[in-house]
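# Results of the structural survey
For reference, the chains in residue letters:
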Amino acid sequence: MSVYAVDFDGTLAETRFPEIIGPRTKTIAAIKLLKSQGHKIILWTSRDGEDLENAVEWCKEQGLVFDSVNAPLPEQIARWGNDTRKIYADVYIDDHAITPDALEKALDEAIEIINEYRKESANT
């Protein structure tokens, strides 16, 4: 079993904050599949108050029920003896996410382009 932390805006739903425009159906289907396989799902969003309540209710209407919302799983809190406030997950799904490996690859590619440009400039 894995723990997935899933963002709302731009990930589960297309939005113009705070307005919810519509579902990202493939993402929702994937999360439902993970949940059906026994994985734990945490809604991990910056929404708060009424905006959060609206998002959770909207997700319920899409058939998504979370194991936790903006908090560690209850079993994690019990294991650690406190609420660390930091969401722990095995996988984070967010429309603005980038992994360290992807970032390093992009930087390596940029450096390579700069070096090629410098070589060409030096030869002209």
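Look up: the structure comes first, before these words.
In this report, we go over the structure that sits alongside the text. (Residues numbered from 1 in each chain as written. Predicted model: local features only at pLDDT ≥ 70, side-chain atom pairs only at ≥ 80, totals over all residues. Heavy atoms only, no water.)

### Overview of the overall build of the chain
Short version of the rule: Counting from the N terminus, the helices are the DSSP runs of H or I reaching at least four residues and the strands are the DSSP runs of E reaching at least two. Put simply, the radius of gyration uses C-alpha atoms, and a globule should come to 2.2 Å times the residue count raised to 0.38. Note on classification: 1.4 Å probe, protein chains only; a residue is buried when its accessible area is under 20% of the maximum for its type, exposed when over 50%, partly exposed between these limits. Note on contacts: a residue pair qualifies if any of its non-hydrogen atoms lie within 4.5 Å across the two residues. Here, Shrake-Rupley sampling with a 1.4 Å probe gives the accessible areas, and only protein chains in the shown set may cover a residue.
Secondary structure assignment for the chain yields four helices and six strands. Against the 2.2 N^0.38 benchmark of 14 Å for 124 residues, the chain shows a C-alpha radius of gyration of 20 Å, more extended than a compact globule. Judged by the C-alpha coordinates and their principal axes, the chain covers about 65 × 40 × 30 Å. For the chain, with 124 residues in total, the buried portion stands at 28%. Here the contacts in the chain between residues at least 6 apart in sequence split such that 69% fall between residues at least 24 apart. Just so you have it, the chain exposes about 8,400 Å², and 52% of that area is on carbon and sulfur atoms.

### Thoughts on the packing of aromatic side chains
Using the following cut-off: Classification of ring pairs rests on two measures: the distance between centres of Phe, Tyr or Trp rings, Trp counted by its six-membered ring, which must be within 6.5 Å, and the angle between planes, read as stacked under 30 degrees, edge-to-face over 60 and tilted in between.
The full count for this structure, using the stated rule, is two aromatic pairs. Arranged with centres 5.5 Å apart and planes meeting at 85 degrees, the rings of phenylalanine 8 and tryptophan 58 form a pair that is edge-to-face. Of the two residues, phenylalanine 8 is situated in the loop between β1 (3–6) and β2 (13–16) and tryptophan 58 in helix α2 (residues 49–61); the sequence distance between them amounts to 50 residues. Note on phenylalanine 8: relative accessible area 0%, which makes it buried. A relative accessible area of 11% places tryptophan 58 in the buried class.

### Some points on a nonpolar patch on the surface
How we decide: A patch consists of residues whose relative accessible area exceeds 30% and which take part in no salt bridge; residues with like charges are grouped when within 9 Å of each other, and nonpolar side chains (Val, Leu, Ile, Met, Phe, Trp, Tyr) when within 5 Å. Here a salt bridge means any side-chain nitrogen of Lys or Arg lying within 4 Å of a carboxyl oxygen belonging to Asp or Glu.
Taken together, the side chains of Trp80, Tyr88 and Tyr92 define a hydrophobic patch exposed on the protein surface, amounting to about 290 Å² of accessible area. Within the secondary structure, tyrosine 88 sits in the loop between α3 (74–80) and β6 (91–93). By relative accessible area, which is 37% here, tyrosine 88 ends up partly exposed.

### Quick notes on helix α1 (residues 25–36)
Here is the rule we go by: One less than the residue count of a helix, multiplied by 1.5 Å, gives the span that helix is expected to have. The arc in question is the one spanned by the directions pointing from the helix axis to the C-beta atoms.
For α1, with 12 residues, the first-to-last C-alpha span of 16 Å sits near the 16 Å given by 1.5 Å per residue. Three or more residues of α1 are buried, namely Ile28, Ile31 and Leu34. Taken end-on, α1 shows its buried residues confined to a sector of 120 degrees, consistent with a single buried face. Away from its buried face, by an angle of more than 90 degrees, α1 presents the exposed residues Thr25, Lys26 and Ser36. Next to the buried residues of α1 lie β1, β3 (19–23), β4 (40–43), α2 and β6.

### Side note on the sheet that holds β6
Our working definition: Any two strands between which DSSP finds at least two bridges are classified as paired.
Judged by pairing direction, the sheet is parallel, and its four strands sit side by side in the order β5-β4-β1-β6 without closing on themselves. Each of the sheet's edge strands pairs with one partner strand only, and the pair in question is β5 (68–69) and β6. Pairing geometry for β1 and β4, over four bridges, is parallel. Residue pairing across strands places valine 6 opposite leucine 43, the latter belonging to β4.

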